[in-house]
Amino acid sequence: MLAISRLTYRHGQRLILDHIDLQVGAGEIVCLVGPNGAGKSTLLRCINRILKSEHAVMTLDGHALEHMARRDVARAIAYVPQQTGSAMALRVHDMIALGRAPHRRWNSAGQDRRIVLDVIAQLGLQALALRSCDELSGGERQRVLLARALVQQGKLLLLDEPTSDLDLHHQLEAMSAVRGIADHQGSGVLIAIHDLALAARFADRLVMLKEGSIVAQGHWREVLTPHNIAAVYGVNAVVGSDGDMPYVIPLRPA
């Protein structure tokens, strides 16, 4: 689905990402983990062509991303950034429907409406559908932005901290919806996320970053080791699982 090689990005003289090689398969959820400043959000913006990287070869379904038209990129890639600034004064339903804009045709209104209503129900947003986005809490707005990405039905979803403002119930609801999109539509999903246990539970593979480089990737049992967590986060931690449910308990600074 997505293949990246040698992706490098500098901000001025500062090296932010250093020769990143990464793949995301169809129907696969890959979570980017690492401390603040590791380059997770920057990597997502480079993939979505918001930032221009150096030396990178990036392909989506075998097509070079740099040669794809902007409309084709918008159809293929759905992106949810971290929340910044104030919300737009649009109704929730209308904000979510913006995700269908790249796919609209003269006869697509009925299909677009069904997709929007299905996702609103999936994320439990019915009670908010007619409210203005600028009246919502941070967590409610985050769910609306996620819904907008899901209705886009892209081949690739790029999600930047999609659960950061959500309570436990809505974290599980949102990640379950993303898991369903990957499983049933075959979309590849790349998520930047801080919650290690949540990432381990829903991801097929973790990619751990530190200072712009990949230090480990694979199944969560291979990546979330006490040694890696101490080296990357500077924290001693207990890592385990209750059946198939992983947990990470930070103990003290390493």
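Scoring rules and cut-offs
Residues numbered from 1 in each chain as written. Predicted model: local features only at pLDDT ≥ 70, side-chain atom pairs only at ≥ 80, totals over all residues. Heavy atoms only, no water. Helix = DSSP H or I, 4+ residues; strand = E, 2+ residues; numbered from the N terminus. Contact = heavy atoms within 4.5 Å. Lys, Arg positive; Asp, Glu negative; His and termini not counted. Charge placed at Lys NZ, Arg CZ, Asp CG, Glu CD. Salt bridge = Lys/Arg side-chain N within 4 Å of Asp/Glu carboxyl O. Buried < 20%, exposed > 50% of the residue type's maximum accessible area, 1.4 Å probe, protein only. Core = buried A, V, L, I, M, F, W, Y, C linked by side-chain atoms within 4.5 Å. Patch = residues over 30% accessible without salt bridge, like charges linked within 9 Å, V, L, I, M, F, W, Y side chains within 5 Å. Areas by Shrake-Rupley, 256 points an atom, 1.4 Å probe, with all protein chains shown as cover. Pairing = 2+ DSSP bridges. Axes fitted to C-alpha atoms, helices over the stretch in contact; angles between N-to-C directions.

Looking up the chain in an unreviewed UniProt entry gives the name ABC transporter ATP-binding protein, with the organism given as Herbaspirillum lusitanum.

Chemist: Account for the overall build of the chain, with residues named and values stated.
Modeler: Scanning the chain for helices and strands turns up nine helices and 12 strands. By principal-axis analysis of the C-alpha atoms, the chain measures approximately 55 × 40 × 35 Å. In the chain, the share of contacts with a sequence separation of at least 24, taken over all contacts with a separation of at least 6, comes to 64%. The centroid of the 27 positive side-chain charges in the chain is displaced by 6 Å from the centroid of its 25 negative side-chain charges.

Chemist: Which residues make up the pattern of salt bridges, and what values do they have?
Modeler: Taken as a whole, this structure holds nine salt bridges when the rule is applied. With its nearest N and O atoms 3.5 Å apart, the salt bridge here joins Arg10 to Glu54. Of this pair, Arg10 sits in strand 1 (residues 2–11) while Glu54 sits in the loop between helix 1 (40–47) and strand 4 (57–60), and the two are 44 residues apart along the sequence. The partly exposed category is assigned to Arg10, whose relative accessible area is 41%. Taking relative accessible area as the criterion, Glu54 reaches 26% and is therefore assigned partly exposed. Among the ionic pairs, Asp94 bridges to Arg91, the shortest N-O distance being 3.1 Å.

Chemist: An account of the nonpolar core is requested, with residue identities and associated values reported.
Modeler: Counting 52 residues, the largest nonpolar core has Ile96 and Ile191 as its most contacted members. Excluding residues that lie within four positions of it along the chain, Ile96 makes contacts with Val116, Ile120, Leu125, Val144, Ala147, Arg148 and Val151. In terms of nonpolar packing, the next biggest core, distinct from the first, is built from 31 residues, Leu7, Leu17, Leu43 and Ala192 among them.

Chemist: Any chance you could break down a nonpolar patch on the surface for me, citing the residues and the numbers?
Modeler: A cluster of nonpolar side chains, Val238, Tyr247, Ile249 and Leu251, forms an exposed patch at the surface whose accessible area comes to about 320 Å². Looking at which element gives the most residues to the nonpolar patch, the answer is strand 12 (residues 245–253), with three residues. Summarising the element assignment, Ile249 is placed in strand 12. Overall, Ile249 belongs to the partly exposed group, its relative accessible area being 41%.

Chemist: How would you sum up the sheet that holds strand 7 (residues 156–160)? Please name residues and give values.
Modeler: Read across the sheet, six strands follow the order 6-7-8-3-9-10 without closing on themselves; strand pairing throughout is mixed. Sheet topology places strand 6 (77–80) and strand 10 (213–218) at the edges, where each strand pairs with a single neighbour. Adjacent strand axes in the sheet meet at a mean angle of 15 degrees, parallel and antiparallel pairs treated alike. As paired strands, strand 7 and strand 8 (residues 188–192) are joined by five bridges and run parallel to one another. Bridge pairing links Leu158 to Leu190 in strand 8.

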